[in-house]
Amino acid sequence: MGMSKSTSCFGYPLSIFFIVVNEFCERFSYYGMRAILILYFTNFIGWDDNLSTAIYHTFVALCYLTPILGALIADSWLGKFKTIVSLSIIYTIGQVVISISSINDLTDHNHDGTPDSIPTHVALSVIGLALIALGTGGIKPCVSAFGGDQFEEGQEKQRNRFFSIFYLAINAGSLISTIITPMLRVQQCGIHSIQACYPLAFGVPAALMAVSLIVFIIGSGMYKKFQPQGNIMAKVVKCIGFAIKNRFRHRSKTFPKREHWLDWAKEKYDERLISQIKMVTRVMFLYIPLPMFWALFDQQGSRWTLQATTMSGKIGSIEIQPDQMQTVNAILIVIMVPIFDAVLYPLIAKCGLNFTSLRRMTVGMFLASMAFVAAAIVQVEIDKTLPVFPNGNEVQIKVLNVGNDNMTISLPEKMVTLGPMSQTDDFMTFDADKLASINISSAGSPVTAVTQDFKQGHRSTLLVWAPNHYRVITDGLNKKPEKGENGIRFVNTFTDPINVTVSGKVYEDVTSYNASEYQFFPSGVKSFTINSPEISTQCPRDFSFYLGFGSAYTFVINRKDDGCPEVKEFEDIAPNTVNMALQIPQYFLITCGEVVFSVTGLKSSYSQAPSNMKTVVQASWLLMVAVGNIIVLIVAGAGQFPKQWAEYILFAALLLVVCVIFAIMARFYTYINPAEIEAQSDEDEKKKSLEKSNPYMTSGPMSQTQM
């Protein structure tokens, strides 16, 4: 057992401090690595978005499937302490391997700034990720259960408080690392060629993992360590199998019924094991509805972040990028857990309400479902502001007059007259097959027919500058720019080609009366420089403009009378207007849901599980998270909803149904104290063995009534 009476501090075992710090460092390490993983895949290895996302989700799912492995090792072979140490070592090695895989100079023998042998990097990073998944998953159920083990009987209050602090450490670690790691990535480093510093961004998590391991080992002398009790899982499976077989053998009416289907294993297995398995099966049965909660919860990183890209991040004087909204969840957790623990729960108890853990979890599900209703309401608001893009058989046309005369354009069922340097207010939608004749005319000139084709399912700009001069340009923007960025393109009205540089991106050789492709920029003030042999050096060539979120503009570079350039801006897609602050209510609701659901689930998974299977039950709690992730992949893949809000409402409705089912199941659940039941079966065992050794104890009818 080691030192059984552990030193205590504020009524808590001192060893808890080491476990919480260990968890903080481990989560920092994991989330820090995860925060930049997708960018590492796309920017460094060069996979496309879909492949990167698929690999990323596979990795996350793996991290939630490996806990079962860790639990088996801990409960049946090495014990929790040794499992945590050995898997942490594997984990640290994994982090180091992925840091090495991101060193460009590893294979960049010709020093041109790109790796010569991508497969080497891919192989290393896959090995690294596999080791990390094994490590992080394997120690997850062990660390929380090991922490619970440090408390004596009758320290329930402290132990429950520990699970809250533990949850706080998880979120503090993830919060700080999600903020810090991206900052490390944008640092520049390299031996032969300077570029984004992935080795540093992966290296800091690796170092923290090593710190986490060292902290954990330092506390070694203080821990209460329980010996693993043989291969418990195999026993459980055999016992359940035997009970079912035995029940099936005795299915005829002649055999008396037994109270519980597991009682059919009595012939072969002892009471204690059977009562322990009963505890586990009762908890597992309660777990069946839980993945639905996680299915909603885990969409914060995907769907909600995408929703944020269609919103404006200007909150007061600060600007928030869409992917920073996820930190709201972690910030709120750090605030809400103490409030719930210290204020809300005691208040509810004072009012005389018995807020049991299953009721808390039901409330948590309800709150998460309401969060999705809130998300749907926000989505409806956003949809009102979104531009309409053409369907497959439609064409959208905008006319932009960059000449010096009034031009009249006749379109099917429409006449448009534009003054010099002006455009139609918005895109006009036509059926592709009905686009018969489009004519351009201006005062005192013959009519010109437009013969160039318009691409179906796309937006096009009809550029006109003189009676018989026009050009059809396919815009190439079929949706709002991604990640809340802004599309910019330039139209040149000089005769020579022009180069434009905008914040480090170059538009090369924009030819006369033509438009460049769009390039994309995040929000903020951007400055650009125009270069052309035609423009004299005395002319001002530096211009600047402000960008919001999710807009697109065409800048026409026009020649003034003195031969210097001037720039006119035309809006192609309006910037986002719905404020990102509107997402705060849905984040608030789902975070409150998480506090009452997840923290409570962790506690009761520990308190309702028998002593030798606490890790296994923790692991199955984590398995529910993995199943939730899989549900999202299925629902999002199967039902392509025309409207995003409809998908949110569907998820909310599904969770509400599950919530009602769970509430009914919870009504019929009775709480137990595993320690008492185990003590009781030990007593019974003792009595039985005494009776066997001393048959004279049970004499006469007296003892029959006592039994």
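Cut-offs applied
Residues numbered from 1 in each chain as written. Predicted model: local features only at pLDDT ≥ 70, side-chain atom pairs only at ≥ 80, totals over all residues. Heavy atoms only, no water. Helix = DSSP H or I, 4+ residues; strand = E, 2+ residues; numbered from the N terminus. Buried < 20%, exposed > 50% of the residue type's maximum accessible area, 1.4 Å probe, protein only. Contact = heavy atoms within 4.5 Å. Areas by Shrake-Rupley, 256 points an atom, 1.4 Å probe, with all protein chains shown as cover. Lys, Arg positive; Asp, Glu negative; His and termini not counted. Charge placed at Lys NZ, Arg CZ, Asp CG, Glu CD. Pairing = 2+ DSSP bridges. Axes fitted to C-alpha atoms, helices over the stretch in contact; angles between N-to-C directions. Left-handed = near helix turned anticlockwise from the far one by under 90°. Nonpolar A, V, L, I, M, F, W, Y, C, P; charged D, E, K, R; others polar. Disulfide = S-S within 2.5 Å. Parallel < 35°, antiparallel > 145°, perpendicular 65-115°, else oblique. Polar contact = N/O pair within 3.5 Å; in protein donor to acceptor, adjacent residues only side chain to side chain. Salt bridge = Lys/Arg side-chain N within 4 Å of Asp/Glu carboxyl O. Core = buried A, V, L, I, M, F, W, Y, C linked by side-chain atoms within 4.5 Å. Phe/Tyr/Trp six-rings, centres within 6.5 Å; stacked < 30°, edge-to-face > 60°. Lys NZ or Arg CZ within 6 Å of the ring centre and 35° of its normal.

## Observations regarding the overall build of the chain
What the chain contains, in helices and strands, is 17 helices and 24 strands. Dimensions of the chain along its principal axes, counting C-alpha atoms only, are 130 × 60 × 50 Å. Counting all 707 residues of the chain, 50% fall into the buried class. Counting only contacts in the chain whose residues sit at least 6 apart along the sequence, the fraction spanning at least 24 positions is 72%. For the chain, the accessible surface area stands at approximately 32800 Å², while carbon and sulfur atoms represent 62% of it. Computed over 56 positive and 56 negative side-chain charges, the separation of the two mean positions in the chain equals 14 Å.

## Considering the sheet that holds strand β17 (residues 498-502)
Pairing within the open sheet is antiparallel, and its four strands lie in the order β18-β17-β21-β22. The open sheet has two free edges, formed respectively by β18 (505-510) and β22 (542-547), since each of these has just one partner strand. Here the average twist between neighbouring strands, direction ignored, is 20 degrees. Bridge count between β17 and β18: four bridges; the pairing is antiparallel. The partner of T501 across the bridge, within β18, is V506.

## Digging into the packing of helix α3 (residues 67-101) against helix α4 (residues 118-149)
Direction vectors running N to C along α3 and α4 enclose 145 degrees, while the axes themselves pass 6 Å from each other. Between α3 and α4 lies a crossing of left-handed hand. Of the residues assigned to the contact of α3 with α4, the class counts are 24 nonpolar, 13 polar and two charged.

## Some remarks on the state of the cysteines
Think of a disulfide as a covalent bridge from one cysteine sulfur atom to another cysteine sulfur atom. Using the criterion set out here, one finds one disulfide in the structure. Residue C539 pairs covalently with C564 via a disulfide, S to S 1.9 Å. Here the S-S torsion is close to -80 degrees, and the disulfide linking C539 with C564 is therefore left-handed. Placement of the pair is C539 in the loop between β21 (524-531) and β22 and C564 in the loop between β23 (552-559) and β24 (565-573), with a sequence separation of 25 residues. Between C659, a cysteine without a disulfide, and C592, which holds the nearest cysteine sulfur, the sulfur-to-sulfur distance is 15 Å. For C659, a relative accessible area of 7% gives the class buried.

## Describing the packing of helix α12 (residues 357-385) against helix α13 (residues 584-607)
Between α12 and α13, the shortest axis-to-axis distance is 7 Å and the interhelical angle comes to 155 degrees. With respect to α13, the axis of α12 lies roughly antiparallel. For the element pair α12 and α13, the recorded crossing hand is left-handed. Looking at the contact of α12 with α13 residue by residue, the classes come out as 16 nonpolar, seven polar and one charged.

## Let's talk about the sheet that holds strand β13 (residues 448-449)
Read across the sheet, four strands follow the order β9-β8-β12-β13 without closing on themselves; strand pairing throughout is antiparallel. Where the open sheet ends on each side, the last strands, each with one partner, are β9 (414-418) and β13. Two strands pair when backbone bridges link them, and strand β12 (residues 439-441) and β13 are joined in this way by two bridges, in the antiparallel orientation. Within β13, the position partnered with I440 by the bridge is T448.

## Observations regarding the side chain of S88
Summarising the element assignment, S88 is placed in helix α3. Separated by 2.7 Å, the side chain of S88 and the backbone oxygen of I84 make a polar contact. Beyond its immediate sequence surroundings of up to four residues, S88 is in contact with I139, M209 and L213.

## Quick notes on the pattern of salt bridges
In this structure the tally under the stated criterion is 15 salt bridges. Among the salt bridges present, the one from K398 reaches D572, with a minimum N-O distance of 2.3 Å. Remark: D572 occurs in strand β24 and K398 occurs in strand β7 (residues 394-401); sequence separation between them is 174 residues. By the burial criterion, K398 is buried, and D572 matches it.

## With respect to the nonpolar core
The biggest cluster of nonpolar side chains holds 128 residues, and the ones touching the most others in it are L37, F59, L290, M365 and W621. In this structure, M365 is in contact with P289, L290, F293, F597, L655, V658, C659 and F662, ignoring residues within four places of it in sequence. M407, M428, I440 and F454 belong to the second-largest nonpolar core, a separate cluster that totals 20 residues.

## Notes on the packing of aromatic side chains
How two aromatic rings sit relative to each other is given by the distance of their centres and the angle of their planes. All told, the structure shown has 46 aromatic pairs when counted by the stated rule. Arranged with centres 5.7 Å apart and planes meeting at 75 degrees, the rings of F372 and Y648 form a pair that is edge-to-face. Taken together, the residues span a long stretch of sequence, with F372 in helix α12 and Y648 in helix α15 (residues 644-667) at a distance of 276 residues. Assessed through its relative accessible area of 0%, F372 is described here as buried. Look at F528 and F543: their rings are 5.6 Å apart centre to centre, the planes differ by 25 degrees, and that puts the pair in the stacked class. Here the residue F528 occupies a position in strand β21, and F543 occupies one in strand β22, the gap between them amounting to 15 residues. On the basis of relative accessible area, F528 is assigned to the buried category, the value being 2%. Members of the aromatic cluster, connected to one another through ring pairs, are F490, Y507, F528, F543, F545, Y553 and F555. Positioned above the aromatic ring of F81 is the side chain of K225, whose terminal nitrogen or guanidinium carbon lies 4.0 Å from the ring centre.

## Some thoughts on unusual backbone geometry
Positive phi values are uncommon outside glycine, yet D509 reaches one of about 45 degrees. A positive phi angle, near 50 degrees, is found at Y513, a position not held by glycine. For Y513, the position within the fold is in the loop between β18 and β19 (514-515). Given a relative accessible area of 21%, Y513 falls into the partly exposed group.

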